[in-house]
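Chain and residue survey
So the chains spell out like this:
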Amino acid sequence: MTNDNTYFDAMEAKIPHGKVRTRFAPSPTGYMHVGNLRTALYTWLIARSQGGTFILRIEDTDQGRLVEGATEVIYRTLAECGLAHDEGPDVGGPVAPYIQSERRDTYGTYARRLVELGHAYYCFCEKTESEEEYGGFHREADPCRSLTPEEVQAKLDAGAPYVIRQKIPETGTTTFHDAIFGDITVENSTLDDQVLLKRDGLPTYNFANVVDDHLMGITHVVRGSEYLSSAPKYDLLYQGFGWEVPTYVHCSPVMRDQHNKMSKRHGDPSYEDLKAQGYLTEAILNYVALLGWSPRGEKAEQEVFSLQELAETFDIGGISKSPAIFDIEKLTHFNALYLRAMTPEAFHAVAEPYIHEAVKNPALDTAAIAALLQARCERLTDIPEKVAFFEDLPAYGTDLFTNKKSKTNEEVSKRMLEAAVSALEEVSDWTQEGIHVCLTDLAAKLEVKNATLMWPVRIAAAGQAVTPGGAIEICLILGREECLRRLRIGLEMLGA
Ligand code: GLU
């Protein structure tokens, strides 16, 4: 054992001070669940709203659960969401490395330090993995707690395998403060001597998070409320080392319903799933921000927030203690608002791949199709089905030609289509304006309401009752040849 402080002093010297520093510390699971995305967002917002630093740390000490490519998913998601990190494995920083598996030696050194300080002990007992992971044994019964330093040294010299456990005081209470939940006090007798360093020399999450949060100068620890019950043990670790305790911000879970947490395993969507279901990143972020946080003051009624506005408005005091229920309908509502608010060019850019899923014909103008869709779709995945008729005329029944409000039936429709085909054949200028003038003049000449003419034209052109856009827009996009071909098919079906 050593009293040499050089290593520890050097580590302390690296810690940045004076600014808010927050960290997002995901385990690389291969996807970003909604609760995790919300944690990332709140963590980023706390840093940004206070001119602080946002750090990404990868918590991969559970080597058994490593997933190939999972770290890339984290980088990609943060980048896509605009949650840029100032320090992290890929960008570096003053307290690197930012991947726990690369900090292995640090944890061992600090665990042994804590033994020297009297707040941890070597434990040579044979215990099952599950006892180690879940603390399922009673510390009073642990003979290792009271081994003398000589006994410990002898076992170490003999190469006996060991774990290092936290030495929780036998009596008394521990009180910690959480920014959301306030002061929480627990009896020390209810806390277990948790494992800090495992037999393989790797730390448990419970130890690594404390060492890293301290050595990285983290001022606000934002995480799920499932960690609340461990917080007293973390407090005792901070105290044991003589370190300042950071501000805890424990966020209540995101629920699927009153009783169940959202979980990917039970089929609840992750961020990637929501993207694949046609939701925009901005809408997802906006909705997720409001799952468990509400704006206060003059923004109290506001619902739509850009990331920038969130960074200006967010405050820890607005985070709720109660669990939030994820409501896909509400997200869909936000998505529709975001789709509508885009510029036509931006909407076209996001809609185009979905239009192309159904529309392959290069003669069809996807910008014109996008313009019809913008006000009429809630999710991008609604698009292919809505526009497939442009590519291929669907099979339809002549009953579609009957519409009471437009005063059409099959007989009227036949008359309208005959007149429309002749008139449209003469249109030299196949533009919105050209088609519009042609058809409205024709309705006037035939002494019918515009709708009486437009209804059959639209049905024949689209082959379905509900379409994005009216007769004129659809005729325009189809082009003269295809439009006339379809109107003639309609006529044939009506027995002309
Ligand atoms: N790696 C932990 C998790 O993904 C992080 C918890 C924390 O932020 O401290 O749940």
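The rules behind the values
Residues numbered from 1 in each chain as written. Predicted model: local features only at pLDDT ≥ 70, side-chain atom pairs only at ≥ 80, totals over all residues. Heavy atoms only, no water. Near = heavy atom within 4 Å. Polar contact = N/O pair within 3.5 Å; in protein donor to acceptor, adjacent residues only side chain to side chain. Areas by Shrake-Rupley, 256 points an atom, 1.4 Å probe, with all protein chains shown as cover. Nonpolar A, V, L, I, M, F, W, Y, C, P; charged D, E, K, R; others polar. Helix = DSSP H or I, 4+ residues; strand = E, 2+ residues; numbered from the N terminus. Expected span 1.5 Å × (residues − 1). Buried < 20%, exposed > 50% of the residue type's maximum accessible area, 1.4 Å probe, protein only. Contact = heavy atoms within 4.5 Å. Core = buried A, V, L, I, M, F, W, Y, C linked by side-chain atoms within 4.5 Å. Salt bridge = Lys/Arg side-chain N within 4 Å of Asp/Glu carboxyl O.

**So, the site of the ligand**
In the neighbourhood of the ligand, the contacting residues comprise Arg 23, Ala 25, Pro 26, Ser 27, Glu 59, Tyr 205, Val 222, Arg 223 and Tyr 227. One nitrogen or oxygen atom from the side chain of Arg 23 is found 2.7 Å from an oxygen atom belonging to the ligand. A distance of 2.8 Å is found between an oxygen atom of the ligand and a side-chain nitrogen or oxygen belonging to Tyr 227. The protein chains hide 86% of the 300 Å² of surface that the ligand would expose on its own. Among the residues forming the shell around the ligand, the class breakdown is five nonpolar, one polar and three charged.

**Section: helix 2 (residues 34-49)**
Helix length check: helix 2 (16 residues) gives 22 Å between terminal C-alpha atoms against 22 Å at 1.5 Å per residue, within 8%. With 14 of 16 residues buried, helix 2 lies mostly within the body of the structure. Positive backbone phi, approximately 65°, marks Gly 51, located one or two places after helix 2.

**So, the side chain of Asn 286**
Positionally, Asn 286 belongs in helix 10 (residues 281-289). The buried category is assigned to Asn 286, whose relative accessible area is 1%. At 2.5 Å, the side chain of Asn 286 and the side chain of Tyr 338 are in polar contact. Those residues in contact with Asn 286, other than ones at most four positions away along the chain, are Glu 303, Val 304, Phe 305, Phe 334 and Tyr 338.

**Observations concerning the nonpolar core**
Counting residues in hydrophobic clusters, the biggest one holds 104 residues, and the most contacted among them are Ile 383, Phe 390, Leu 424 and Leu 487. A per-element tally of this core places helix 2 first, with nine residues.

**With respect to the pattern of salt bridges**
One pass over the structure, following the stated rule, counts 21 salt bridges. For Asp 212, the salt bridge goes to Arg 103, with nearest N and O atoms at 2.7 Å. Placement of Asp 212 in helix 7 (residues 205-215) and of Arg 103 in the loop between helix 3 (70-81) and helix 4 (104-116) is noted, with a sequence separation of 109 residues between them. Taking the relative accessible area as the measure of exposure, Asp 212 reaches 0% and is therefore buried. A salt bridge links Lys 261 to Glu 226; the nearest nitrogen and oxygen atoms lie 4.0 Å apart. Separated by 35 residues along the polypeptide, Lys 261 in the loop between strand 10 (254-255) and helix 9 (271-276) and Glu 226 in the loop between strand 8 (220-224) and helix 8 (231-241) bring together distant segments of the chain. Judged by its relative accessible area of 43%, Lys 261 is partly exposed. Each of Arg 23, Arg 57, Glu 59, Arg 103, Asp 212 and Asp 213 takes part in salt bridges that share partners, so that together they form one network.

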